[in-house]
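Next come the chains, spelled out residue by residue.
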Amino acid sequence: MKFVLLAAGKSQRIFKIINKNKCLLKINKKTLIENSINEILKTKIKDITVVLGFKPDLIKNKLKNYENIKFILNKKYNYKEMLYSLIFALRKYNSDIIFAYTDIIFSHKIINKIIKSNKKNITITVLSNWKKIWKIRNKNPYSDAESLFINNSIELTSIGQKIKKLSEVKYQFMGITFIPQSQRKKVLNFYDKIKAKDQLHLTTFLNELIKNKFKIDCIKTNDKWYEFDDYSDYLNYKKYY
């Protein structure tokens, strides 16, 4: 199994403040991307690739002491969304792959749950205690969060819409997605058929997959997780943790 960290984005809002990529924010003396790699290495996964784009050398230099970390460069980061980085890596690697955003903190326990589940479908982890996290982040769920619904088989039925009724939304997407090798070609073929895809977000893509009869399994968790969307998230994290 392979792990791919998506770190190509421009991080515009935070870059203006810290003058570096968002994934290079420091938490407990380690950057976000270092924290992610350290958690991944606590699992049996040792094959890690980072998708670079914006200011790639800043990230490479920070990770130079890690052995066997691979890098691939998304040259189209400036006008493509993060989904393109995922697809870019999926084309390159014919393997079971876990993808993760690099503006999050997460526990290795979440990754182990994916590994142990032995899923054959596309799988995402969903956060059960998300309202607590949004309160710490001081975010308005109606403007910041997205809808996410699952059925009794714990399969994703809808994602990525504006929340209409807060009490109905039990989970949030965590930016961690598993695509098994057996689904790789199907996902790539479906992506290639989409006409307007330059600005397509990952959650929108997941929703389109569902509409076209792809099964997406969910793994519920309350393990440690936090998102750094902007600098206020960083300040609130340091305040509460």
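Because the structure is a prediction, the values reported are computed rather than measured. (Residues numbered from 1 in each chain as written. Predicted model: local features only at pLDDT ≥ 70, side-chain atom pairs only at ≥ 80, totals over all residues. Heavy atoms only, no water.)

1. Structural notes on the side chain of E227
The test is simple: Where helices and strands are cited, they refer to DSSP runs of H or I of at least four residues and of E of at least two residues respectively, numbered from the N terminus. Each residue is assigned to one of three classes by its accessible area relative to the maximum for its type, calculated with a 1.4 Å probe on protein chains only: buried under 20%, partly exposed between the two thresholds, exposed over 50%. Two residues form a contact once any of their heavy atoms are found within 4.5 Å.
For E227, the location among the structural elements is in strand β13 (residues 225–227). What makes E227 buried here is its relative accessible area of 16%. Excluding residues that lie within four positions of it along the chain, E227 makes contacts with D103, I104, W134, R137 and D233.

2. What to know about a positive patch on the surface
Put simply, the rule reads: A patch consists of residues exposed above 30% relative accessible area that lack any salt bridge, with like charges linked at up to 9 Å and nonpolar side chains (Val, Leu, Ile, Met, Phe, Trp, Tyr) linked at up to 5 Å. Each accessible area is a Shrake-Rupley estimate made with a 1.4 Å probe; only the visible protein chains count as cover when residues are assessed. Salt bridges are counted wherever a side-chain nitrogen of Lys or Arg sits within 4 Å of a carboxyl oxygen of Asp or Glu. Only four residue types enter the tally: Lys and Arg on the positive side, Asp and Glu on the negative side; His and the chain ends are excluded. All charge positions are set by atom: Lys at NZ, Arg at CZ, Asp at CG, Glu at CD.
On the surface, K26, K30, K62 and K64 cluster together into a positively charged patch. Tracing the backbone through its elements, the reader meets K64 in the loop between α3 (56–62) and β5 (70–73). By relative accessible area, which is 63% here, K64 ends up exposed.

3. Some words on the environment of D192
For D192, the location among the structural elements is in helix α8 (residues 181–193). Separated by 105 residues in sequence, D192 and I87 place their C-alpha atoms 9.8 Å apart. Excluding residues that lie within four positions of it along the chain, D192 makes contacts with R91 and K197.

4. What to know about empty space enclosed by the protein
Selection criterion: We place a 1 Å grid over just the protein atoms. Points where a 1.4 Å probe fits but has no way out form a cavity, open points with protein on both sides within 12 Å along at least 5 of 7 lines form a pocket, and any residue with an atom within 4 Å of a point lines it. Grid points are joined across faces, edges and corners, and a volume is the space filled by probe spheres set on the points. Residues are sorted three ways: Asp, Glu, Lys and Arg are charged, Ala, Val, Leu, Ile, Met, Phe, Trp, Tyr, Cys and Pro are nonpolar, and all the rest, Gly among them, are polar.
One pass over the structure, following the stated rule, counts one cavity of 30 Å³ or more. Here the largest cavity defines a volume of roughly 40 Å³. When residues of the lining of the largest cavity are traced back to their parent elements, those giving at least two are β11 (172–179) and α9 (202–211). A total of four residues in the lining of the largest cavity trace back to one element, the largest contributor, which is α9. The residue inventory of the lining of the largest cavity, partitioned by class, reads eight nonpolar, one polar and no charged.

5. As for α9
Taking burial as the measure, the ten residues of α9 include seven buried ones, the bulk of the element. Looking at α9, one finds that the buried residues are L202, T203, F205, L206, N207, L209 and I210. Immediately beyond the C-terminal end of α9, within one or two residues, lies K213, with a positive phi of roughly 70°.

6. Digging into the layout of surface pockets
Here the largest pocket defines a volume of roughly 1,200 Å³. Within the residue set of the lining of the largest pocket, elements represented by two or more residues are β1 (2–7), α1 (12–18), α4 (82–92), α6 (130–137), β11, α9 and β13. In terms of residues, the lining of the largest pocket owes the most to one element, β11, which gives four residues. Among the residues making up the lining of the largest pocket, the classes are represented as 19 nonpolar, 16 polar and eleven charged.

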